[in-house]
Amino acid sequence: MAFCFVLNALLGRERWARDRLARFAGQGIELRLPLAPAMRLGIAADGQLEPDGPDPSAIVTPAGISGQSELAEELRSLRRHLRWDVEEELSRLVGDVAAHRIAVTLRALLDWPRDSARRLAEAAADFAVDERRALVRCGELEQLAADIARLNQALASAEQRIARLD
């Protein structure tokens, strides 16, 4: 499990983080990353992570860490204080160029759901406005309001002229 290896490499350079995790030896964490199956990790006595851990006390996703356990709180704290340069970690394994390309791809995968939702909403709005004419763009509505105001002004002027003729 390459991801476990990368996390352990980070923990290997941060002794304080391993010490804090070692208090939770025997507990499990579940990682849920986009487009990947859920991964269960266990915490070893030395604070390192092991694949195929026990039932999770905390669940880690790109959106955050869920769980009410002390382990979940500790992971939230580690997330705030650990400075992790993904490209640097990967470059030690696969080289600089490959690490950069992998990191760009991972960022794109993480951004994909939000990006897709935004594009889908824009396409739906364009369809509703341009194709079905079910909605009106703000500029068109403002233009209609200006035209109505000019028409009202012209009507009032015509009524005044008619009133003077009488």
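Coordinates for the structure precede this section.
Being a predicted model, the structure only gives us computed values, none of them experimental.

### Section: the overall build of the protein chain
Along the backbone of the protein chain there are 6 helices and 5 strands. Written out in order from the N terminus, the α and β elements of the protein chain read α-α-β-β-β-β-β-α-α-α-α. Here the C-alpha atoms of the protein chain give a radius of gyration of 30 Å, more than 25% beyond the 15 Å that 2.2 N^0.38 yields for 166 residues. The buried share among the 166 residues of the protein chain stands at 25%. Expressed as a percentage of contacts within the protein chain between residues at least 6 apart in sequence, the contacts between residues at least 24 apart total 49%. Total accessible area on the protein chain stands at roughly 11500 Å², and carbon and sulfur atoms take up 57% of it.

### Digging into the environment of Glu89
Structurally, Glu89 is set in helix H4 (residues 86-94). For Glu89, a relative accessible area of 7% translates into the label buried. On a C-alpha basis, the gap between Glu89 and Ala108 in space is 18 Å, while along the polypeptide they are 19 residues apart. Once you skip the residues sitting within four places of it in the chain, Glu89 turns out to touch Val6, Ala9, Leu10, Arg13 and Trp84.

### As for the pattern of salt bridges
Tallying each qualifying case throughout the model produces 16 salt bridges. The salt bridge partner of Asp19 is Arg15, with a shortest N-O separation of 3.6 Å. Within this pair, Asp19 and its partner Arg15 are both found in helix H2 (residues 15-22), separated by 4 residues, close to a single helical turn. Look at Asp19 and you get partly exposed, because its relative accessible area is 39%. The salt bridge partner of Arg150 is Asp147, with a shortest N-O separation of 2.2 Å. Taken together, the residues Arg150 and Asp147, both in helix H6 (residues 138-165) and 3 residues apart, mark about one turn of the helix. Given the relative accessible area of 31%, Asp147 is considered partly exposed. The structure contains a network of salt bridges with shared partners spanning Glu30, Arg32, Arg40 and Asp55.

### Topic: unusual backbone geometry
Its identity is not glycine, yet Asp52 carries a phi of approximately 60°, on the positive side. Secondary-structure assignment places Asp52 in the loop between strand S3 (49-51) and strand S4 (56-61).

### Some remarks on the sheet that holds S3
Overall, mixed pairing links the 5 strands, which are arranged S3-S2-S1-S4-S5 in an open sheet. Bordering the open sheet on either side are S3 and strand S5 (64-66), each of which pairs with just one other strand. Mean inter-strand twist for the sheet, computed between neighbouring axes without regard to direction, equals 30°. Across 4 bridges, the pairing between strand S1 (residues 28-31) and S4 is parallel. Within the sheet, the bridge partner assigned to Glu30 lies in S4 and is Ile59. Contacting S1, strand S2 (39-43) and S3, helix H1 (residues 2-13) crosses the sheet at an angle of about 170° to S3.

### Topic: helix H5 (residues 96-131)
The largest bend along H5 reaches roughly 50° and is located at Trp112, with the proline Pro113 sitting one to four residues downstream. Ala99, Ala103, Ala128 and Val129 are the residues of H5 that are buried. Buried residues belonging to H5 abut H4. A positive backbone phi angle near 55° is found at Arg133, which sits one or two residues after H5.

### Overview of the nonpolar core
Ranked by internal contacts, the top residues of the largest apolar core, which has 20 residues, are Leu21, Ile43, Leu49, Leu71 and Leu75. Going through the elements one at a time, H1, H2, S1, S2 and helix H3 (70-81) are the ones with two or more residues in this core. The residues contacting Ile43, other than those within four sequence positions of it, are Leu21, Phe24, Ala25, Gly26, Gln27, Ile29, Gln48, Leu49 and Leu71.

What counts and what doesn't
- Residues numbered from 1 in each chain as written.
- Predicted model: local features only at pLDDT ≥ 70, side-chain atom pairs only at ≥ 80, totals over all residues.
- Heavy atoms only, no water.
- Helix = DSSP H or I, 4+ residues; strand = E, 2+ residues; numbered from the N terminus.
- Rg over C-alpha atoms; globule rule 2.2 N^0.38 Å.
- Buried < 20%, exposed > 50% of the residue type's maximum accessible area, 1.4 Å probe, protein only.
- Contact = heavy atoms within 4.5 Å.
- Areas by Shrake-Rupley, 256 points an atom, 1.4 Å probe, with all protein chains shown as cover.
- Salt bridge = Lys/Arg side-chain N within 4 Å of Asp/Glu carboxyl O.
- Pairing = 2+ DSSP bridges.
- Axes fitted to C-alpha atoms, helices over the stretch in contact; angles between N-to-C directions.
- Bend = angle between axes of the 7 residues up to and from the residue.
- Core = buried A, V, L, I, M, F, W, Y, C linked by side-chain atoms within 4.5 Å.

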